[in-house]
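Read off the chains here:
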Amino acid sequence: MWKWLHPYAKPEASYQLAGKFVPWFSVFAVVCFAVGLVWGLAFAPADYQQGDSFRIIYIHVPSAILSMGAYSSMAVAAFIGLVWQIKQADMYVAAVAPVGAVFTFIALFTGAAWGKPMWGAWWVWDARLTSELILLFLYLGVIALYNAFSDKTMAGRAAGILSLVGVINLPIIHYSVEWWNTLHQGATITKFDKPSIDTDMLWPLLLNIAAFTFFLGAVSLVRFRTELLRREQRRPWVQQLINRHSQARG
Amino acid sequence: MNPRRKKRLTIVLAIVLGLGASIGLLLFALQQNIDLFYTPTELVKGKGKQEVKPEVGQRLRIGGLVLPGTVERSQTSLQVSFKLSDAGGGIVTVLYEGILPDLFREGQGIVAQGELVDANTVSAFEVLAKHDEEYMPQEVAEALEGMEHFKPEYTEAQLQGSGH
């Protein structure tokens, strides 16, 4: 069943495959960003209650969703890395963690900037905010663990276990606003019901979520390729690649 | 799947499920402490199965909807008082001195932090506004007036203030 996947387990093949996706992801990200941000920030109608301040949703929600999306992809990779011991999976974990950490930070920062004018507070220790902060610490832990070992096989295993264990935090973040009473409001779009946001405001939001997704894909694949080259630098295929590039330039 | 992979799979799944279960139990046990605030009903009738009531003098947060028509402002200072309620029908009076957030209005959800001065009065030093997850333009909001927003109903006795 999975035979078709096997050729990609070769480092060179996964390097080439990742390279094919990067330009597409980048183009889609730029287009979605350009349309989504201008539409959301300039043309979408203002909210009846929050006025123009609500527009920060176009950064806050995509980065928050993708902070969890990046974590899920990292955890899946960690799982594959631990069970099947494919080293590229560990490299993906190392590649995506800093990107996810930055998304989490953006979500927390824009959340604080939104909370101050609307709620009246930069920060409240409610369940949603606290669990998202824990997500940031999990990312930082994964990054730190991966860099703490000089033996990268060990590093991948340690970082993988931490990222897998941290998955428990994802449902907690998502359901925190339902399980406990919080200052943060409930889910607007990530629920099975109809989104509780007007269609004119929803489309640019979806575009921005798509933009963040492609951006995450592009940046993590570039980082993945770099990590792959760094760890395989003494292998013949990397040497060949370097020779080809230097010849092309010289 | 070869036996070594199977073994690793079992170990990994056991770790994740075990930790998941223990954290689940931990959160369940801490349930009441993770809640950010008391609702007016919890304050009046007690919280949880044991109906634990906070003690007078305790510092706490109270969250509910501002009852329309109960906001009283002082003419000479920033002092303001208003009543909070929720779906359960409990009513709590909040006293506050300071500037209220922009979103503060009658019918709005708010969270106040302060000291419980008697069974159903909180003297707050911080009032935060809570908004819901609905976003819509002004025109839509006007056209939809009376949509499924929560509208509390009260008996006369409740509005007169509940004597304990």
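Residues numbered from 1 in each chain as written. Chains lettered and ligands numbered in written order. Predicted model: local features only at pLDDT ≥ 70, side-chain atom pairs only at ≥ 80, totals over all residues. Heavy atoms only, no water.

(A) Representation of helix α1 (residues 3–29) of chain B in the model. Compared with the 39 Å implied by 1.5 Å per residue over 27 residues, the 38 Å span of α1 of chain B between its first and last C-alpha is a close match. The complete set of buried residues in α1 of chain B reads R8, L9, V12 and L27 of chain B. If you follow the buried residues of α1 of chain B, they end up packed against α2 (57–83), α5 (152–165) and α6 (169–179) of chain A together with α2 (31–34) of chain B. (Helix = DSSP H or I, 4+ residues; strand = E, 2+ residues; numbered from the N terminus. Expected span 1.5 Å × (residues − 1). Buried < 20%, exposed > 50% of the residue type's maximum accessible area, 1.4 Å probe, protein only. Contact = heavy atoms within 4.5 Å.)

(B) Just the confidence of the model for chain B, in detail. Residue and element names in this part refer to chain B. Considering every residue of chain B, the mean pLDDT works out to 84; 87% of them sit at 70 or more. This stretch, residues 147–151, has a pLDDT under 50; its non-local contacts, to residues over four places away or in other chains, come to 10 contacts. Across the predicted assembly, pTM comes out at 0.88 and ipTM at 0.78. (pLDDT = per-residue confidence, 0-100.)

(C) Highlighting the interface of chain A and chain B. In this assembly, 42 residues from chain A lie in contact with 40 residues from chain B. Regarding the contact of chain A and chain B, the summed buried area is about 3,600 Å², with carbon and sulfur atoms giving 63% of it. It is Y48, W180 and N181 of chain A that lose the most area in chain A upon contact with chain B, and together they represent 21% of the buried surface on that side. Inspection of the region where chain A meets chain B yields zero salt bridges. The interface formed by chain A and chain B holds 16 residue pairs in polar contact (both at pLDDT 80 or more) in total. When residues of the side of chain A that touches chain B are traced back to their parent elements, those giving at least two are α2, α3 (87–118), α5 and α6 of chain A. Ranked by residue count, the leading element in the side of chain A that touches chain B is α2 of chain A, at four residues. The class makeup of the residues in the side of chain A that touches chain B is 27 nonpolar, 11 polar and four charged. (Buried area = accessible area lost by both parts, 1.4 Å probe. Salt bridge = Lys/Arg side-chain N within 4 Å of Asp/Glu carboxyl O. Polar contact = N/O pair within 3.5 Å; in protein donor to acceptor, adjacent residues only side chain to side chain. Nonpolar A, V, L, I, M, F, W, Y, C, P; charged D, E, K, R; others polar.)

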